[in-house]
Amino acid sequence: MRRTWATSGRVLRQLRHDPRTVGLMLVVPCLLLTLLRYVFDDRPDVFDRAAPILLAIFPFTVMFVITSVAVLRERSTGTLERVLTTPMSKLDILAGYAIAFGAASVVQVGLALAVCLGPLGLQVPGNLGLVVAFTFVDALLGMALGLFLSAFAHSEFQAVQFLPAFVLPQLLLCGLLAPRAQMAPVLRWLSDVMPLSYAVDGVKRAAVTSTWTAAITTDLLVVCLSVPIALGLGALSLRRQTP
Amino acid sequence: MSAAVEIDRLSVVRGGQPVLLELSATVDAGTVTGLIGPSGSGKTTLMRCLMGLQRTAIGAVRVLGRPAGAQATRGRVGYVTQGVSVYLDLTVAENLAYFAAAVGASRAEEAAALDAVALGEFADRRVDRLSGGQQARVSLATALLGGPELLVLDEPTVGLDPLLRDELWTLFHRLAASGATLLVSSHVMDEARRCDRLMLLREGKLLADGSPTDLLARTGADDLDAAFLRLVRAQPEGS
């Protein structure tokens, strides 16, 4: 455990030395939500419906990008290889990243939520705690997927391209723009295998009702189970040996 | 004298090209052994094999009595890569603290490692604000943590001023005197003089292996540069 904490401390220290990234991470979601609020200035019901979904999507997207670039950097500068020649295990590194970025996403979501519920006047008639839980697991999922996909990028340019290539399709198909039930069968099928769809479904449901339904349980389970699967794939991609 | 490293017919083929060819050698414990050869001769690949990082290695490599890269020996082998493999966006002290946690070294060892590479006054400086030579020394300091029994150093003195280079070689011999084994690669012949033993590498093959005085006596050359040339020319054509 000591090595895991050392890794998360190190990752957080790297973030601290990069205040601009931290600023962007914290301020951008708040700004976008504010923008959304005034785009639908005369339709507060639309904002109340869309804001919880965006709250779930922002940390996913931001964690995805930050993790894929951070881990890619570790791979390309040789620090990953160097650390793996010490008794530090892959699990220490994975868990260290998960704890550090998990903590960062808690702050990010907390701030965005405070802005929404305070000055922007968001009304969440459903289960607010559950919405927050979905958001947090979503951030971890974004982190785990970013870690895995960083194995397929050879430069930071490529890693950043994974955002449109990998995250945008999920955004298009997750039910944010069009209801999933009305999609053509192929798109519906694609949507069904994307974890973000369940996160968005779950947040939508939790935001409107405070009763815990079976559908919410399914959504939460799928998102929660996707995290260890993605982390497992990430672990496979952290190789000690390279050609 | 026991062997810290035993290499038995090690070959590495990368992209259809042999990088190392049927290489066999041992590194005696408690010595400073120089791995000398021109750039592209396979020095880095050989060192990666010792660390268990080379996926396509054929042959046997035993380090401290165990297969290369074995879990049990990881804390006992220090490695400095050719590039600077520390976190550029952290301070010197933060880097040392992280690598100390990885190998389980104490705060006192962190301070000692910093002193050994003469970077004490830069402890709170971010690594990316340091010069290339200073960055290489941070990398070296992280490898000294935990009192490793074997140090594998890939060109640790590149870009350093002669005074500092001299200090580091003194440090290497001090570590060897206290029982550690050092394998240091270099493409500079004047560093070869300072090694107890030399492994001359060229095009993936071990050209010669012995102490500097051995090599001079064997080739009848006046200096190691000339000895290296004679050894290359003595090789059969086309091999």
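Residues numbered from 1 in each chain as written. Chains lettered and ligands numbered in written order. Predicted model: local features only at pLDDT ≥ 70, side-chain atom pairs only at ≥ 80, totals over all residues. Heavy atoms only, no water.

### Examining the overall build of chain A
Link 1 in the chain: Tallying secondary structure elements over chain A gives 10 helices and zero strands in all.
Link 2 in the chain: Overall, chain A shows an N-to-C arrangement of helices and strands of α-α-α-α-α-α-α-α-α-α.
Link 3 in the chain: The C-alpha atoms of chain A give 18 Å as radius of gyration, which agrees with the globular expectation for 243 residues (18 Å, within 12%).
Link 4 in the chain: The burial tally for chain A puts 50% of its 243 residues in the buried class.
Link 5 in the chain: Considering only intrachain contacts with a sequence separation of at least 6, the fraction spanning at least 24 residues in chain A is 79%.
Link 6 in the chain: Charged side chains in chain A number 19 positive and 13 negative. The centres of these two groups are separated by 10 Å. (Helix = DSSP H or I, 4+ residues; strand = E, 2+ residues; numbered from the N terminus. Rg over C-alpha atoms; globule rule 2.2 N^0.38 Å. Buried < 20%, exposed > 50% of the residue type's maximum accessible area, 1.4 Å probe, protein only. Contact = heavy atoms within 4.5 Å. Lys, Arg positive; Asp, Glu negative; His and termini not counted. Charge placed at Lys NZ, Arg CZ, Asp CG, Glu CD.)

### Some words on the interface of chain B and chain A
Link 1 in the chain: Contacts between the two partners involve 30 residues from chain B, matched on the other side by 27 residues from chain A.
Link 2 in the chain: When chain B packs against chain A, close to 2700 Å² is buried across both sides, 52% of that on carbon and sulfur atoms.
Link 3 in the chain: Counting the surface chain B buries against chain A, the share from its top three residues, B:Arg55, B:Arg74 and B:Tyr98, is 24%.
Link 4 in the chain: Close ionic contact of A:Arg16 with B:Glu94 constitutes a salt bridge, the shortest N to O distance being 3.4 Å.
Link 5 in the chain: Put simply, chain B and chain A have 18 residue pairs in polar contact (both at pLDDT 80 or more) between them.
Link 6 in the chain: Here the element with the most residues in the side of chain B that touches chain A is helix α2 (residues 92-103) of chain B; it accounts for six residues. (Buried area = accessible area lost by both parts, 1.4 Å probe. Salt bridge = Lys/Arg side-chain N within 4 Å of Asp/Glu carboxyl O. Polar contact = N/O pair within 3.5 Å; in protein donor to acceptor, adjacent residues only side chain to side chain.)

### A few points about the pairing of strand β9 (residues 197-202) of chain B
All names here are of chain B.
Link 1 in the chain: Of all six residues making up β9, five are buried, and the element is well covered by its neighbours.
Link 2 in the chain: Where strand β3 (residues 32-36) meets β9, four bridges bridge the pair, whose relative direction is parallel. Paired with Leu35 across the two strands is Met199, which belongs to β9.
Link 3 in the chain: Bridge analysis of β9 against strand β10 (residues 205-210) gives five bridges, and the strand direction is antiparallel. The residue bridging Leu198 from the neighbouring strand is Gly210, located in β10.
Link 4 in the chain: Between β9 and β10, which follow one another and run antiparallel, lie two residues, and Glu203 among them has a positive phi close to 45°. (Pairing = 2+ DSSP bridges.)

### Remarks on the confidence of the model for chain B
Where the model shows low pLDDT, its predicted coordinates should not be examined in detail.
Link 1 in the chain: Here chain B averages 91 in pLDDT, while 98% of its residues score no lower than 70.
Link 2 in the chain: As scored by the predictor, the complex reaches a pTM of 0.89 and an ipTM of 0.88. (pLDDT = per-residue confidence, 0-100.)

### Thoughts on the sheet that holds strand β1 (residues 3-14) of chain B
All names here are of chain B.
Link 1 in the chain: Taking strand neighbours across the sheet as the criterion, the four strands line up as β2-β1-β4-β5 in an open arrangement whose pairing is antiparallel. Of all the strands in the sheet, the pair left with one neighbour each is β2 (17-28) and β5 (66-67).
Link 2 in the chain: Relative to strand β4 (residues 57-63), β1 runs antiparallel, the two being bridged by six bridges. Bridging across to β4, Glu6 finds its partner in Arg62.
Link 3 in the chain: Of the strands in this sheet, β1, β2 and β4 touch helix α1 (residues 43-50), which is tilted by about 120° from β1. (Axes fitted to C-alpha atoms, helices over the stretch in contact; angles between N-to-C directions.)

### Concerning unusual backbone geometry
All names here are of chain B.
Link 1 in the chain: Phi is positive for Arg9, which is not a glycine, with a value near 45°.
Link 2 in the chain: Of note, the phi angle at Ala118 is positive, near 55°, even though the residue is not glycine.
Link 3 in the chain: Locating Ala118 in the fold gives a position in the loop between α3 (107-116) and α4 (132-144).
Link 4 in the chain: On the basis of relative accessible area, Ala118 is assigned to the partly exposed category, the value being 36%.

### Side note on helix α5 (residues 162-177) of chain B
Residues and elements named next belong to chain B.
Link 1 in the chain: End to end, α5 covers 23 Å across 16 residues, agreeing with the expected 22 Å (1.5 Å per residue, within 8%).
Link 2 in the chain: Looking at the buried side of α5, the elements it contacts are β3, α3, α4, β7 (150-153), β8 (181-186) and α6 (189-192).
Link 3 in the chain: You can read the cap of α5 off the contacts: a side-chain oxygen lies 2.9 Å from the backbone nitrogen of Leu163, and it is on Asp161.
Link 4 in the chain: Of the residues one or two after α5, Gly179 is the one with positive phi, at around 110°. (Expected span 1.5 Å × (residues − 1).)

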